[in-house]
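Coordinates in review
The chain contents come next:
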Amino acid sequence: MLRAWGGNSAHRLYSVVVFVLLASLDNVAIGLVPPLYGPIAGSLDVPQRMIGLVTAASFLVSAVAAVAWAYVGDRTNRKPLLMVGTLLWAAGTAGSGLAGGYATFLAAQLLAAVGLGAVGSVGFSVVTDLISPRRRGLVMSFWGLSQGVGTLAGTLTGGLLGATDWRRPFLLLSVVGLVATVAYLFTYDVRRGQSEPELVDALAAGADYEYRISRADLPRILDRRTNRWLILQGLTAQAAFGSLVWLPVLFAERAEQQGYSAATAVVVGSVFATLFQLGGVFSIVGGLAGDALQRRTPRGRALVAAVGILAAVPFYVVLFFVPISIDVPDGAGTGAVVGAVLSSVVTEPTVGLSLLTAVFALALTSANSPNWFALIADVNPPEHRGTVYSLGNLVNGVGRAAGNGLVGVVFHGLRAAFPPPLNYAVGLAAFQLFFVPTGIMYWLASRTAPRDIDTVHTLLHDRADRL
């Protein structure tokens, strides 16, 4: 039965859905910790900023591990790597929930980070081989959206399930990771390069695309000017994005300032942070816009990303300073607090204004991810894509670790001049200025992309003739 199912449209759709959903699960794991910085720090008897540094270190380790996973994935069978990676992050997540001390918690989080590096980089390579270039922006928007939704789900899960017991969400997610490993068993074994129009006829005739990455290819990868801009933009973009994991803390501090208990403040902060990041669903619009403009000009995807990133900066800055009047029942159950926060969107004008500002900000920056993913596929042959993605992800990890770690230090330094929660608002606003060089680099990528895309098309045509 499985052999008959293999490769048909239903199996391919199932495989895409599995990869997209499991990409979101990885980000659930990433998003669990930030809303629980306070409870975890208290339980492990360390300052809150030490838990922030664990998150920063996890970003970095995951990014470094992804390079190794991706290089091996571009040379060998990718399915076993994905399964091993999922098992590793599930084990690390379980270990985090069982940790009795800071060192154990750190080690478990780093183990999970190693596994997370596999799923993102190798999974990206697989998905690009399943989707034709005309639809890459759209499908990559779901890929990016799933990661954003996963981060939101992690924030919400951590805040709601972990408000009274921070260990509970970690143990639950580890079980979900084991289920995810089983789901991988039934995915379609995707042939490398099978979505490329230049290779379709040759592969349909029984030929195999046997080209694999080698060490000699690494200088060629960096010689593509578009790759340089796509990789480097992550350093500044992720410094800004990395700082945003502190959003739950900002809103929790605002709740405590208004007299709420710490437990209620954690729930309030998590729900507000989740609610204010709903604009990320507009990544689908960004992907569609990139696909549409790319059909008119090979500069299209990069231009859409550049405009979105630059236009979002003022909306972010406004978001952090709009005062919010919080009216929830202190000490009530989680459901009652969540209901009160949701109703405040309608009843409290300041909350409604903040939500609108956040939607605009997230909608504009969400044009970044689907077009970044699609551009990597457009300007690189199939056997290079996982590695290029992982190199970009490595720089992303450095930027995100810097943003996540340094912003905590900045908050602490600003406390002398700006009492909480104002120090959080000022620090977060300053870090959004990192989006400006990001937008400039996307504009530069729009100038180099046409030549690199044409080079890949020519290369694949030549290889198809030799298959």
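Report follows, based on the coordinates.

**Let's talk about the overall build of the chain**
The helix and strand tally for the chain stands at 21 helices and 0 strands. Rg of the C-alpha trace for the chain: 22 Å, near the compact-globule value of 23 Å for 467 residues, within the 12% margin. By its C-alpha atoms, the chain is 70 × 45 × 35 Å across when sized along the principal axes. Burial analysis of the chain (467 residues in total) assigns 57% to the buried set. Put simply, the chain shows about 18000 Å² of open surface, and 67% of that area lies on carbon and sulfur atoms. Taking the average location of the 31 positive side-chain charges in the chain and that of its 25 negative ones, the two points are 4 Å from each other.

**Notes on the pattern of salt bridges**
Overall, the coordinates contain 10 salt bridges when judged by the stated rule. Across the salt bridge formed by Arg136 and Asp378, the nearest N and O atoms sit 3.1 Å from each other. Here the residue Arg136 occupies a position in helix α7 (residues 136–161), and Asp378 occupies one in helix α18 (residues 368–378), the gap between them amounting to 242 residues. On the basis of relative accessible area, Arg136 is assigned to the buried category, the value being 3%. Look at Asp378 and you get buried, because its relative accessible area is 9%. Each of Arg78, Asp129, Arg136, Glu196, Asp291, Arg301, Asp378 and Arg385 takes part in salt bridges that share partners, so that together they form one network.

**What to know about the nonpolar core**
Grouped together as the largest cluster of nonpolar side chains are 113 residues, with contacts concentrated most on Phe105 and Phe320. Ranked by residue count, the leading element in this core is helix α6 (residues 102–130), at 10 residues. Dropping the residues within four chain positions of it, Phe105 is found in contact with Val33, Ile40, Leu44, Ile51, Val54, Ser96, Ala99, Trp166 and Phe170. In terms of nonpolar packing, the next biggest core, distinct from the first, is built from 6 residues, Leu203, Val456, Leu460 and Ala464 among them.

**Topic: the side chain of Thr387**
Positionally, Thr387 belongs in helix α19 (residues 385–414). Judged by relative accessible area, which is 2%, Thr387 ranks as buried. Discounting residues that sit within four places of it in the chain, Thr387 has contacts with Ala70, Tyr71, Asp74, Ile213, Leu218 and Ile221.

**Observations regarding a nonpolar patch on the surface**
Taken together, the side chains of Leu60, Val64, Leu235 and Val398 make up a nonpolar region of the molecular surface, amounting to roughly 290 Å² of accessible area. Among the structural elements, Val398 can be located in helix α19. Looking at Val398, the relative accessible area reads 36%, which means it is partly exposed.

**Re the packing of α18 against α19**
Direction vectors running N to C along α18 and α19 enclose 140°, while the axes themselves pass 9 Å from each other. As far as their axial angle goes, α19 and α18 are oblique. Considering the relative orientation of α18 and α19, their crossing is right-handed. On α19, the residues that touch Trp372, Phe373, Ile376 and Ala377 of α18 are Arg385, Val388, Tyr389, Gly392, Asn393 and Asn396.

**Concerning helix α17 (residues 349–365)**
Three or four residues apart is the spacing at which side chains of an α-helix point the same way, because the helix has 3.6 residues per turn. An ideal rise of 1.5 Å per residue puts 24 Å on 17 residues; α17 measures up with 25 Å between its terminal C-alpha atoms. The set of residues buried in α17 consists of Val351, Ser354, Leu355, Thr357, Ala358, Ala361, Leu362 and Thr365. Considered in projection along α17, the buried side chains sweep an arc of 170° and stay on one side of the axis. Where α17 is buried, its residues meet α11 (225–243), α13 (262–276), α15 (300–321), α16 (334–347), α18 and α21 (435–466).

**Considering unusual backbone geometry**
The peptide bond linking Pro420 to Pro421 adopts the cis configuration, its omega dihedral lying at 5°. With respect to the element layout, Pro421 can be found in the loop between α19 and α20 (422–431). Unusually for a residue other than glycine, Asp45 sits at a positive phi of about 60°. Summarising the element assignment, Asp45 is placed in the loop between α3 (37–44) and α4 (48–73). Residue class for Asp45 comes out exposed when judged on its relative accessible area of 70%.

Conventions we followed
Residues numbered from 1 in each chain as written. Predicted model: local features only at pLDDT ≥ 70, side-chain atom pairs only at ≥ 80, totals over all residues. Heavy atoms only, no water. Helix = DSSP H or I, 4+ residues; strand = E, 2+ residues; numbered from the N terminus. Rg over C-alpha atoms; globule rule 2.2 N^0.38 Å. Buried < 20%, exposed > 50% of the residue type's maximum accessible area, 1.4 Å probe, protein only. Areas by Shrake-Rupley, 256 points an atom, 1.4 Å probe, with all protein chains shown as cover. Lys, Arg positive; Asp, Glu negative; His and termini not counted. Charge placed at Lys NZ, Arg CZ, Asp CG, Glu CD. Salt bridge = Lys/Arg side-chain N within 4 Å of Asp/Glu carboxyl O. Core = buried A, V, L, I, M, F, W, Y, C linked by side-chain atoms within 4.5 Å. Contact = heavy atoms within 4.5 Å. Patch = residues over 30% accessible without salt bridge, like charges linked within 9 Å, V, L, I, M, F, W, Y side chains within 5 Å. Axes fitted to C-alpha atoms, helices over the stretch in contact; angles between N-to-C directions. Parallel < 35°, antiparallel > 145°, perpendicular 65-115°, else oblique. Left-handed = near helix turned anticlockwise from the far one by under 90°. Expected span 1.5 Å × (residues − 1). Arc of directions from axis to C-beta.

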